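# Structural description and commentary
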Amino acid sequence: MSTETSPTAEIELAIGGMTCASCAARIERRLGKLDGVTATVNYATEKAKISYPEGLDPKQLVEHVEAAGYSAELPLPPQSEVDETEPEDPTKPLRDRLIISAVLSVPVIALAMAPALQFTYWQWISLTLAAPVVVWGAWPFHKAAWTNLRHGAATMDTLISMGTLAAFLWSLYALLFGTAGVPGMTHPFELTIQRMSGDGNIYLEVAAGVTTFILAGRYFESRSKRRAGAALRALLELGAKDVAVLRGDREVRIPTDQLAVGDRFVVRPGEKIATDGVIEEGSSAVDASMLTGESVPVEVGAGDTVVGATVNAGGRLVVRATRVGSDTQLAQMAKLVEDAQNGKAAVQRLADRISAVFVPIVIALAIGTLGFWLGTGAGAAAAFTAAVAVLIIACPCALGLATPTALLVGTGRGAQMGILIKGPEVLESTRRIDTIVLDKTGTVTSGQMSLVAVHAADGIDEDVVLRLAGAAENASEHPIAKAIVRGATELVGELPAVEEFSNVEGLGVQAVIDGHAVLVGRPALLEQWSQPLTAELAAAQADAERQGRTAVAVAWDGAAQAVLEVADTVKPTSAEAIAGLRELGLKPVLLTGDNETVARTVAAEVGIDEVIAEVLPQDKVDVVKRLQSEGRVVAMAGDGVNDAAALAQADLGLAMGTGTDVAIEASDLTLVRGDLRAAVDAIRLSRRTLGTIKGNLFWAFAYNVAALPLAATGLLNPMIAGAAMAFSSVFVVGNSLRLRRFRSTITEEPLPGATEREAVPAAALRG
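It should be emphasised that the depicted structure is a prediction, and the values quoted were computed from it without experimental measurement. (Residues numbered from 1 in each chain as written. Predicted model: local features only at pLDDT ≥ 70, side-chain atom pairs only at ≥ 80, totals over all residues. Heavy atoms only, no water.)

Look at the UniProt record and you will see "transmembrane region" (unreviewed entry) annotated at residues 98-115, 121-139, 159-182, 202-220, 354-374, 380-409, 696-713 and 719-737. Spanning residues 159-182, this segment combines 79% helix with 0% strand, and its end C-alpha atoms are found 31 Å apart. (UniProt positions renumbered as here; feature names shortened; annotations may be inferred. Helix = DSSP H or I, 4+ residues; strand = E, 2+ residues; numbered from the N terminus.)

Moving on, we come to helix 4 (residues 122-137). In an α-helix, one turn spans 3.6 residues; hence positions three or four apart end up facing the same way. With 16 residues, helix 4 extends 21 Å between its outermost C-alpha atoms, agreeing within 8% with the 22 Å of an ideal straight helix rising 1.5 Å per residue. Within helix 4, the axis deviates most sharply at A130, by approximately 30°, and proline P132 lies no more than four positions further along. Buried within helix 4 we find W122, Q123, S126, L127, A130, V133, V134 and G137. (Expected span 1.5 Å × (residues − 1). Bend = angle between axes of the 7 residues up to and from the residue. Buried < 20%, exposed > 50% of the residue type's maximum accessible area, 1.4 Å probe, protein only.)

This part is about the side chain of D276. Relative to the assigned elements, D276 resides in strand 8 (residues 276-281). With relative accessibility at 3%, the residue D276 sits in the buried group. Engagement of the side chain of D276 in a polar contact is seen with the side chain of R323, the distance being 3.3 Å. Contact partners of D276, with chain neighbours within four places excluded, come to V306, V307, G308, R320, A321, T322, R323, T328 and Q329. (Polar contact = N/O pair within 3.5 Å; in protein donor to acceptor, adjacent residues only side chain to side chain. Contact = heavy atoms within 4.5 Å.)

The tally for this structure, following the rule as stated, stands at 22 salt bridges. The salt bridge partner of R323 is D276, with a shortest N-O separation of 3.3 Å. Taken as a pair, R323 in strand 13 (residues 317-323) and D276 in strand 8 lie far apart in primary sequence, 47 residues in all. Relative accessible area serves as the criterion here: at 23%, R323 is assigned to the partly exposed category. A salt bridge links D675 to R677, with the shortest nitrogen-to-oxygen separation between them at 3.0 Å. Accessibility expressed as a relative area gives 2% for D675, which makes it buried. Residue R677 is classed as buried on the basis of its relative accessible area of 2%. Three or more residues joined by partner-sharing salt bridges are found here, namely K587, E610, R626, E630 and R632. (Salt bridge = Lys/Arg side-chain N within 4 Å of Asp/Glu carboxyl O.)

Once that is clear, we can look at the side chain of Q123. As for its placement among the helices and strands, Q123 is situated in helix 4. Within the structure, the side chain of Q123 is placed 2.9 Å from the backbone oxygen of V182, a separation counted as a polar contact. Setting aside residues up to four positions removed in sequence, Q123 forms contacts with L175, A180, G181, V182, M185, I202 and L204.

It is worth spelling out the packing of helix 16 (residues 462-473) against helix 17 (residues 479-492) at this point. One can describe the packing of helix 16 onto helix 17 by two numbers: an axis separation of 8 Å at closest approach and a directional angle of 135°. Classified by the interaxial angle, the pair formed by helix 16 and helix 17 is oblique. Considering the relative orientation of helix 16 and helix 17, their crossing is left-handed. Of the residues in helix 17, those touching helix 16 at D463, L466, R467, A469, G470 and E473 are A481, I484, V485, A488, L491 and V492. For the contact of helix 16 with helix 17, the per-class residue count stands at eight nonpolar, one polar and three charged. (Axes fitted to C-alpha atoms, helices over the stretch in contact; angles between N-to-C directions. Parallel < 35°, antiparallel > 145°, perpendicular 65-115°, else oblique. Left-handed = near helix turned anticlockwise from the far one by under 90°. Nonpolar A, V, L, I, M, F, W, Y, C, P; charged D, E, K, R; others polar.)

Let's shift gears to the environment of V267. One can find V267 in strand 7 (residues 264-267). Spatially, the C-alpha atoms of V267 and G282 are 9.9 Å apart, while their sequence positions differ by 15 residues. Ignoring sequence-local partners within four residues, the contact set of V267 consists of K272, I273, N312, G315, R316, L317 and V319.

So, about the packing of helix 4 against helix 5 (residues 139-150). The interhelical angle for the contact between helix 4 and helix 5, taken along N-to-C directions, is 45°, at an axis separation of 5 Å. Classed by the angle they form, the pair helix 4 and helix 5 counts as oblique. On the side of helix 4, the interface is formed by V134, V135, W136 and G137, while helix 5 contributes W139, P140 and H142. When grouped by side-chain class, the residues that make up the contact of helix 4 with helix 5 number five nonpolar, two polar and no charged.

Attention now goes to the nonpolar core. Of all hydrophobic cores here, the largest spans 49 residues; its most connected members are L438, L590, L654, L669 and L676. No other element matches the nine residues that helix 25 (residues 677-712) contributes to this core. When residues no more than four places from it in sequence are discounted, the contact partners of L438 are V444, I578, P588, V589, L590, L591, I608, A637 and L676. (Core = buried A, V, L, I, M, F, W, Y, C linked by side-chain atoms within 4.5 Å.)

What follows is about the confidence of the model for the protein chain. Interpretation of the predicted coordinates at a detailed level should be avoided for regions scoring low in pLDDT. Here the protein chain averages 78 in pLDDT, while 79% of its residues score no lower than 70. This stretch, residues 78-86, has a pLDDT under 50; its non-local contacts, to residues over four places away or in other chains, come to three contacts. Confidence drops under a pLDDT of 50 for residues 292-296, and excluding neighbours within four residues, the segment shows 11 contacts in the predicted structure. (pLDDT = per-residue confidence, 0-100.)

The subject of this paragraph is the sheet that holds strand 8. Read from one edge of the open sheet, six strands run 6-5-7-13-8-11, paired in antiparallel fashion. Taken across any chain shown, the strands that pair with only one partner, and hence form the sheet edges, are strand 6 (250-255) and strand 11 (305-306). Two elements, strand 8 and strand 13, share five bridges in a ladder whose sense is antiparallel. What sits directly across from G277, in strand 13, is A321. (Pairing = 2+ DSSP bridges.)

Throughout the structure, instances matching the rule amount to three aromatic pairs. For the ring pair Y173 and F177, a centre distance of 6.0 Å and an interplane angle of 40° mean the geometry is tilted. With Y173 and F177 both in helix 6 (residues 156-177) and four residues apart, the pair spans about one turn of that helix. Look at W699 and F731: their rings are 6.1 Å apart centre to centre, the planes differ by 80°, and that puts the pair in the edge-to-face class. Highlighted residues: W699 in helix 25 and F731 in helix 26 (residues 718-737), separated in sequence by 32 residues. Judged by its relative accessible area of 33%, F731 falls in the partly exposed class. Taken together, F698, W699 and F731 form an aromatic cluster joined through their ring pairs. Above the ring of W136, the side-chain terminus of R97 is found at 4.7 Å from the ring centroid. (Phe/Tyr/Trp six-rings, centres within 6.5 Å; stacked < 30°, edge-to-face > 60°. Lys NZ or Arg CZ within 6 Å of the ring centre and 35° of its normal.)

For the rest of this paragraph, the subject is unusual backbone geometry. Even without being glycine, Y121 reaches a positive phi, approximately 65°. The backbone of S530 sits at a positive phi, close to 55°, despite the residue not being glycine. With respect to the helices, strands and loops of the structure, S530 is situated in the loop between helix 18 (523-528) and helix 19 (535-546).

Once that is clear, we can look at a nonpolar patch on the surface. Among the surface-exposed residues, F698, W699, F727 and F731 lie close enough to one another that they form a single nonpolar patch of about 470 Å² accessible area. Mapped onto the nonpolar patch, the elements with two or more residues apiece are helix 25 and helix 26. (Patch = residues over 30% accessible without salt bridge, like charges linked within 9 Å, V, L, I, M, F, W, Y side chains within 5 Å. Areas by Shrake-Rupley, 256 points an atom, 1.4 Å probe, with all protein chains shown as cover.)

Moving on: a positive patch on the surface. Where like charges cluster on the molecular surface, the positive patch consists of R688, R738, R741 and R743. Take R743: it is sitting in the segment after helix 26. With a relative accessible area of 53%, R743 lands in the exposed category. (Lys, Arg positive; Asp, Glu negative; His and termini not counted. Charge placed at Lys NZ, Arg CZ, Asp CG, Glu CD.)

A few words on the sheet that holds strand 9 (residues 284-287). Pairing between the strands of a sheet is mediated by backbone hydrogen bonds and can be parallel or antiparallel. The strand order across the open sheet built from three strands is 10-9-12, with neighbouring strands paired in antiparallel fashion. Of all strands in the sheet, those with a lone pairing partner are strand 10 (298-300) and strand 12 (311-312), marking the two edges. When strand 9 meets strand 10, the two strands line up antiparallel, connected through three bridges. Among the inter-strand pairings, S284 is bridged to a residue of strand 10, identified as V300.

Our next topic: the pairing of strand 18 (residues 508-513). Pairing of strand 17 (residues 500-504) with strand 18 involves five bridges; the strand directions are antiparallel. In the sheet register, V504 faces strand 18, and the bridge partner there is G508. Where strand 18 and strand 19 (residues 516-521) come together, six bridges link them in antiparallel fashion. Within the sheet, the bridge partner assigned to Q510 lies in strand 19 and is L519. Turn length for the strand 18-strand 19 hairpin, with the two strands adjacent in sequence and antiparallel, is two residues, and the turn residue D514 shows positive phi of about 50°.

In structure tokens:
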């Protein structure tokens, strides 16, 4: 049976023992030899994401990795992941090794560089100090090189180990069997090679200095990788640790990981909501800023959904758990970030292929350099020094770190801003897009009806209209009714009680309020009771319908008294977002199933020229395909189930985090806030991250290309080469960390009290 049709599973292994990008490439090749197995190994996150046939025991994957000379661990079971103890800093052993090596190396380097300090027998003191550095300090390099050698491979550690041991053993030979050990021996420190006898020169400062410099580079890489992944750890630590669950009438406090779907739990003011759920009792304001970046708390009540890790800022809530553990929004966000960080961009795969063949080439080049210098009569010292410099300068650790570190920082910064980047290939898509298709409802508009205008008959107070209409609609569950109630409550406060109420199917409601017989609904309802709209109110109704709004008639005491306008309002930030997208060189296109009039009105309000209206949900994907067939590279932003196929079809899919899980799953970028301005930030951040990756790769390549000829021609002291090599890795990581300073373009918050559902301030409804 073909392995391509066999059901597959995925697993993520924690890999240990990798020291450079070529280690990752080697593990990938080793795992790829198993039938049906594909693996992506990331040096920066030290994880392997593996797809394998379901019939294969994952332990075989671990054995294969171990057979290659590395360690591998299967994922921990869920209950084992909760650990209250503070994890030990993994960089501590490396830091201790670096500090001791540096303390011992500094005198060795100082003695070699300053002839004035070269007292009698100084060379033997240097040997005493350098030996622990070369043997113990460089032990991780020697161990990795030996392990790889036993498996017939050569990695960056091979270069480091060969270079430092060659320098140390040459020095030992010169001290014991040459003229370097005689009392009073001195030699100057020079950056260029002179033709001289090799047995009178020692290179202990090279062996100790290179070891220390490379340890320093590894330590700062390790620390920076840890800092770069801080956003993901912060996400995982956001959740509540325990929760008060209702067992009958009693509250029982249990760890959050013991919650089950359907459990009812209590959230007091100031507490974190333990998991995703639906409010059954109480009302409050929920602060979701840590998850969404939205600074204004959201008012919630019975029936509203809440997300785990958000903070209850108001009253007591009783919540029924709907999603727990890995199904929660917080866990899914963390998984998205981790998946993106574990992935590889196409540019990184090129770098991995290069580093996999780089080491054997460098070793051959070093041997060739040694042979060339010896053959030209330059002397063993000159030949040896140039060959060691080639080995040391060539280590392309910066090449392996170029992409993963930028991805770590870029995706982590995105998570902090409420932008979830699904994978590294997404970054390359953002560079090419030239058109962005925007679904209208829920993306450009709020997706929820709001009261936008009140037209009262002559002599009728608008407050009276709102009090009576709002009270009559208060018992209705219709979205238009809810919009009227919400608008009326904001403008006139508490609504009067309803004495009698009945719902007229398809037409509206009728009620008795404060002694008035009130009708609210379609004009046809009023006509049934012989209370038709006046000419003025009929004109207001016609004008509202021309703009694609819903007109609601209000009558009491036997006559039509007002017309209310209700509409799906444009988000207050959409126009600013469209302008930002244009600045990025994108052409916005509005896509909607609504009629042409409504679409044109919304488009004009936000500044969009191209409109595609009256599109059936299943036809949205065809619209994207048509634009692509015209040669456009298309991004699509949407939030509904009906957008999912179009999001998947688009070259870049952006899902609003306020939308459905299906849309989010189909997208490449998720905007947690539901604010379209976040799309501008997402594309800017993605392009900046890709630019950083390319900058890193350029400098890593340029460094090796420029430095290798210098080393081979004997113009580079091996110790300076070691320092430069370590610096190149630190430079790449430092360049990536600059992404942490990325700032949002969102400078203005919505007006106090305004929400995404209100494009029109309440005060503007009057008149």
